[in-house]
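The chain contents come next:
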Amino acid sequence: MPIRINLKKKLRYFDIDINCDCPESKMLVMIGPSGGGKTTIIRMLAGLEKPDSGSIIFNEDTWFDSEKGISISPQNRKLGYVFQDYTLFPHLSLFENASFAAKNKKEVEELFELFRISHLRNRKPRQVSGGERQRCAICQALARHPKILLLDEPFSALDAITRRGLREELRNMKGEFDFPVIYVTHDINEALYLADEIIPVVQGSIDGSWMTKMTERNSGAQMLKAAREQKIALAY
Amino acid sequence: MDYTSLLVTLKLATVTTVILMVLSAPLAYMLAHSDFPGKSIIETLIYLPTALPPTVIGFYLVIVMGPKGFIGKWWGTVSDNSLLFTFTGIAIASVIYSIPFAIQPMKAAFQKIDKRLIENAYVLGLSRYSAFFRVVIPNSISGIVAASVLVFLHTTGAFGVLVMVGGSIPGETKVASIAIYEAVEMMDYHGAAMLSLCFVPVSFLFLFFVNKLNKGY
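These figures come from a predicted structure and were not determined experimentally. Numbering of residues starts from 1 in every chain and runs along the sequence as written. A letter from A marks each chain and a number from 1 marks each ligand, given out in the order of writing. Where totals are concerned, whole chains, interfaces and linings use all residues; where local detail is concerned, this predicted model gives features only for residues with pLDDT of at least 70, and gives and counts side-chain atom pairs only at 80 or more. Side-chain metrics in this entry use all non-hydrogen atoms of the structure; hydrogen atoms and water are not considered.

Enquirer: Before we go on, may I ask you to explain the pairing of strand β8 (residues 149–152) of chain A in this structure?
Expert: The side chains of a regular strand alternate between the sheet's two faces. Residues and elements named next belong to chain A. Each residue gets one of three labels from its accessible area relative to the maximum for its type: buried under 20%, exposed over 50%, partly exposed in between, using a 1.4 Å probe on protein chains only. Working definition: helices are DSSP H or I runs of at least four residues, strands are E runs of at least two. Numbering for both runs from the N terminus. The alternating pattern of β8 places Leu-149 and Leu-151 on one face and Leu-150 and Asp-152 on the opposite face, and all of these are buried. At least two bridges found by DSSP between two strands are what make those strands a pair. Sheet analysis places strand β7 (residues 80–82) next to β8, joined by three bridges and oriented parallel. Opposite Gly-80, over in β8, you have Leu-149 as the bridge partner. Judged from the four bridges that link them, β8 and strand β9 (residues 181–185) form a sheet pairing that is parallel. Within the sheet, the bridge partner assigned to Leu-149 lies in β9 and is Val-181. Place the viewer so that the strands point away; then a crossover is right-handed whenever the path from the first strand over the helix to the second strand goes clockwise. Traced from β8 through helix α6 (residues 160–173) to β9, the parallel crossover comes out right-handed.

Enquirer: In this structure, what is going on with the interface of chain A and chain B? I would like to understand it.
Expert: How large an interface is tends to be reported as the accessible area lost when its parts come together. Between chain A and chain B, the contact holds 17 residues from the first and 16 residues from the second. Between chain A and chain B, the buried area comes to about 1600 Å², and carbon and sulfur atoms account for 61% of it. Buried area is calculated as the accessible area (1.4 Å probe) missing from two parts once they are joined, with the contributions of both summed. Three residues stand out in chain A for area buried against chain B, namely Gln-75, His-91 and Phe-100 of chain A, and they jointly supply 34% of the buried area on that side. Here Arg-116 of chain B ties to Asp-85 of chain A by a salt bridge, and the two come within 2.5 Å at their closest N and O atoms. By the criterion applied in these results, polar contacts are pairs of N or O atoms within 3.5 Å in which, for protein atoms, one can donate a hydrogen and the other can accept it, and in which residues neighboring in sequence qualify only through two side-chain atoms. Summed over the shared surface of chain A and chain B, the number is nine residue pairs in polar contact (both at pLDDT 80 or more). Side-chain classes follow a simple rule in which Ala, Val, Leu, Ile, Met, Phe, Trp, Tyr, Cys and Pro form the nonpolar group, Asp, Glu, Lys and Arg form the charged group, and the remainder, Gly included, forms the polar group. Taken together, the residues of the side of chain A that touches chain B sort by class into 10 nonpolar, four polar and three charged. Two residues qualify as a contact provided that any one of their heavy atoms is within 4.5 Å of a heavy atom in the partner residue. We define a salt bridge as a contact between a side-chain nitrogen of Lys or Arg and a carboxyl oxygen of Asp or Glu at a distance within 4 Å.

Enquirer: Explanation requested: a nonpolar patch on the surface in the structure shown.
Expert: Candidate patch residues must exceed 30% relative accessible area and have no salt bridge, after which like charges are joined if within 9 Å and Val, Leu, Ile, Met, Phe, Trp or Tyr side chains if within 5 Å. To be clear on the numbers: accessible area is Shrake-Rupley with a 1.4 Å probe, and residue cover counts the displayed protein chains and nothing else. There is a patch of nonpolar side chains on the surface, built from Met-1, Tyr-3, Met-194, Leu-197 and Val-200 of chain B and spanning about 510 Å² of accessible area. Counting residues per element, the nonpolar patch draws most heavily on helix α11 (residues 189–216) of chain B, at three residues.

Enquirer: I would appreciate a short explanation of the packing of helix α1 (residues 3–33) of chain B against helix α8 (residues 141–156) of chain B in the present structure.
Expert: All names here are of chain B. Close contact between α1 and α8 brings their axes to 9 Å; oriented N to C, the two are set at 145°. When you trace α1 past α8, the crossing you get is right-handed. Facing α1, whose interface residues are Thr-9, Leu-10, Leu-12, Ala-13, Thr-14, Thr-16, Thr-17, Leu-20 and Met-21, α8 presents Ile-144, Ala-147, Ser-148, Val-151, Phe-152, Thr-155 and Thr-156. What counts as an axis is a line fitted to C-alpha atoms, over the stretch in contact for a helix, and the angles between N-to-C directions run from 0 to 180 degrees. The sense of a crossing depends on the near helix, which, turned anticlockwise from the far helix by less than a right angle, makes the crossing left-handed and, turned clockwise, makes it right-handed.

Enquirer: Which parts of the structure should I look at to understand the environment of Pro-180 of chain A?
Expert: Looking at where Pro-180 of chain A falls in the secondary structure, it is placed in the loop between α6 and β9. Between the C-alpha atom of Pro-180 of chain A and that of Ser-118 of chain A, which follows or precedes it by 62 residues, the distance is 26 Å.

Enquirer: Teacher, can you tell me more about the side chain of Lys-38 of chain A here?
Expert: Residue and element names in this part refer to chain A. Among the secondary structure elements, Lys-38 is positioned in helix α1 (residues 38–46). One buried charged residue, Lys-38, remains without a salt bridge, the closest side chain of opposite sign being Glu-153 at 4.0 Å. Once residues within four sequence positions are removed from consideration, Lys-38 is found in contact with Met-30, Ile-31, Gly-32, Pro-33, Glu-153, Val-184, Thr-185, His-186 and Val-201. Residues counted as positive are Lys and Arg, residues counted as negative are Asp and Glu, and His and the chain ends are not counted.

Enquirer: It is not clear to me how the packing of α1 of chain B against helix α5 (residues 87–112) of chain B should be interpreted in this structure. Could you clarify?
Expert: Helix packing for two helices is described by the angle between their axes and how far apart those axes are. Residue and element names in this part refer to chain B. As a packed pair, α1 and α5 sit with axes 6 Å apart at the nearest point and diverge in direction by 40°. Judged by the inter-axis angle, α1 sits oblique to α5. The handedness of the crossing between α1 and α5 is right-handed. Classifying every residue of the contact of α1 with α5 gives 21 nonpolar, six polar and two charged. To sort the angles, those under 35 degrees are grouped as roughly parallel, those over 145 as roughly antiparallel, those from 65 to 115 as roughly perpendicular, and the leftovers as oblique.

Enquirer: When you look at the state of the cysteines in this model, what are you seeing that I'm missing?
Expert: Joining two cysteines, a disulfide is a covalent bond between their sulfur atoms. Cysteine sulfur pairs qualify as disulfides if the two atoms are within 2.5 Å. According to the stated counting rule, one finds zero disulfides over all chains in the structure shown. Cys-139 of chain A provides the cysteine sulfur closest to Cys-136 of chain A, a residue in no disulfide bond, and the two sulfurs are 6.0 Å apart.

Enquirer: Help me understand the confidence of the model for chain B, please; the structure alone is not making it clear to me.
Expert: Do not read the fine detail of predicted coordinates wherever pLDDT is low. For every residue, the predictor states its confidence as a pLDDT score lying anywhere from 0 to 100. Here chain B averages 92 in pLDDT, and 99% of its residues register 70 or above. The ipTM, which scores confidence in the relative placement of chains, is 0.86 for this predicted complex, and the corresponding pTM is 0.82.

Enquirer: Looking at this structure, how should I read the layout of surface pockets?
Expert: To find the voids left in a structure, one rolls a probe of water-molecule size over its atoms. Counted as a void, the second largest pocket has a volume near 480 Å³. Among the secondary structure elements, those contributing two or more residues to the lining of the second largest pocket are α2 (74–77) of chain A together with α1, α6 (115–123) and α7 (128–136) of chain B. Each residue belonging to the lining of the second largest pocket can be placed in one class, and the counts come to eight nonpolar, five polar and three charged. Cavity means a closed set of points on a 1 Å grid over the protein atoms alone, one where a 1.4 Å probe fits but cannot get out, pocket means an open set with protein on both sides within 12 Å along at least 5 of 7 lines, and lining means a residue has an atom within 4 Å of a point. Grid points are joined across faces, edges and corners, and a volume is the space filled by probe spheres set on the points.

Enquirer: Explain the packing of aromatic side chains here, please?
Expert: Here the distance between the centres and the angle between the planes together describe a pair of aromatic rings. Stacked, tilted and edge-to-face are the three classes assigned to paired rings of Phe, Tyr and Trp, where Trp is represented by its six-membered ring and a pair needs centres within 6.5 Å; plane angles under 30 degrees give stacked, over 60 edge-to-face, the rest tilted. Under the definition given, this model contains 16 aromatic pairs over all chains. Ring centres of Phe-58 of chain A and Trp-63 of chain A lie 4.9 Å apart, and the angle between their planes is 5°; this geometry places the pair in the stacked category. Arranged with centres 5.2 Å apart and planes meeting at 85°, the rings of Phe-132 of chain B and Phe-133 of chain B form a pair that is edge-to-face. Classification of Phe-132 of chain B as buried rests on a relative accessible area of 11%. Given a relative accessible area of 44%, Phe-133 of chain B falls into the partly exposed group. The criterion is that NZ of a Lys, or CZ of an Arg, lies within 6 Å of the ring centre and within 35 degrees of the ring normal, and then a charge sits over that ring. Taking the ring centre of Tyr-193 of chain A as reference, the NZ or CZ of Arg-171 of chain A above it sits at 4.1 Å. The side chain of Arg-134 of chain B reaches across the aromatic face of Phe-100 of chain A, ending 4.2 Å from its centre.

In structure tokens form, the structure reads like this:
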């Protein structure tokens, strides 16, 4: 298992208590209702928030261990993080944004080709659409050669058509990733479409019954059938 | 016309602006993005010069910068000179007097920056120091320019604090605002008018530039 998570954190209305693994080169989708602690979990993984206790172990490296007093900074975790909405640097062009932490500019050019935004390389983030900005944000994260890619509802601010297109692109591309991906969403269709494994998170804990309820409500029989056909592991 | 006083004013405003931009940027950033014990007291102390009469500030500065004051004593040990009635003395006074005008616009500009931009910089491997220079500063440029213009203009108009700390030594501490006052005292209305006239286009141009810059962002 490349990443083993065991985290506890007291929040205002509930506690986060999560224990799971993310297998190598797989897309793990963390799904659950809004405000259920998914973003806090992914932020703790990135080192942007400190858990109260627990551990995060990536391969042989300990990123966090409350008992041993280890807490590696976000800078040293070498991960890719795509935020919910636009966090591209407004003063830089799209290409400068994507090259921000890249070692090889040629690779950035290739990523731009792959994500079909080469023609926008000199535009500032405010001069392009939301979908193009998020494409660039993914390029920015990938150009760093991350050990793991964290995507926090990256398409939630986009319109339905753009979202569907990007979702499709991401699914086509995920086979080429040689690192694990953790994708956070509250959209059950998105989860079933993208996931190799699914973890339902409700009020900070893994709750398998929520997934069953949701699939039942959303003509779940068909969805579960689709999920089985796609061999998605329901990791709970 | 008393050109020397204009040059002293220009020199003082430039020195004050440069010192305050360097000192205030990290302080304003800390006030905008961190919480720590005593923050409210520090902020109140920083903004105090806007609420006190300049002569009161000048009086306290004369006390602390005088030969028996703690700054004056320390200065005496490192330079064998007095701070009062010197250009260095009025520069220190001017920095203290204008600090709120540097901190306030910069703090407002830093607060406007989405915290996730800074977090994104950290995730991309930038240290706090690099993130400050590569992300925070370029995205707060309008606030920083506004702060420097305000400090520059505020310093060119200072009178009470400077006259108390520096007196009126030509070529050293006699700034244009003091020269205008003295010209009026001596009934030299022509000299006062000429000096006063120099301020109007400079102030107009600076403020016009700040307005343009703010609209551009």
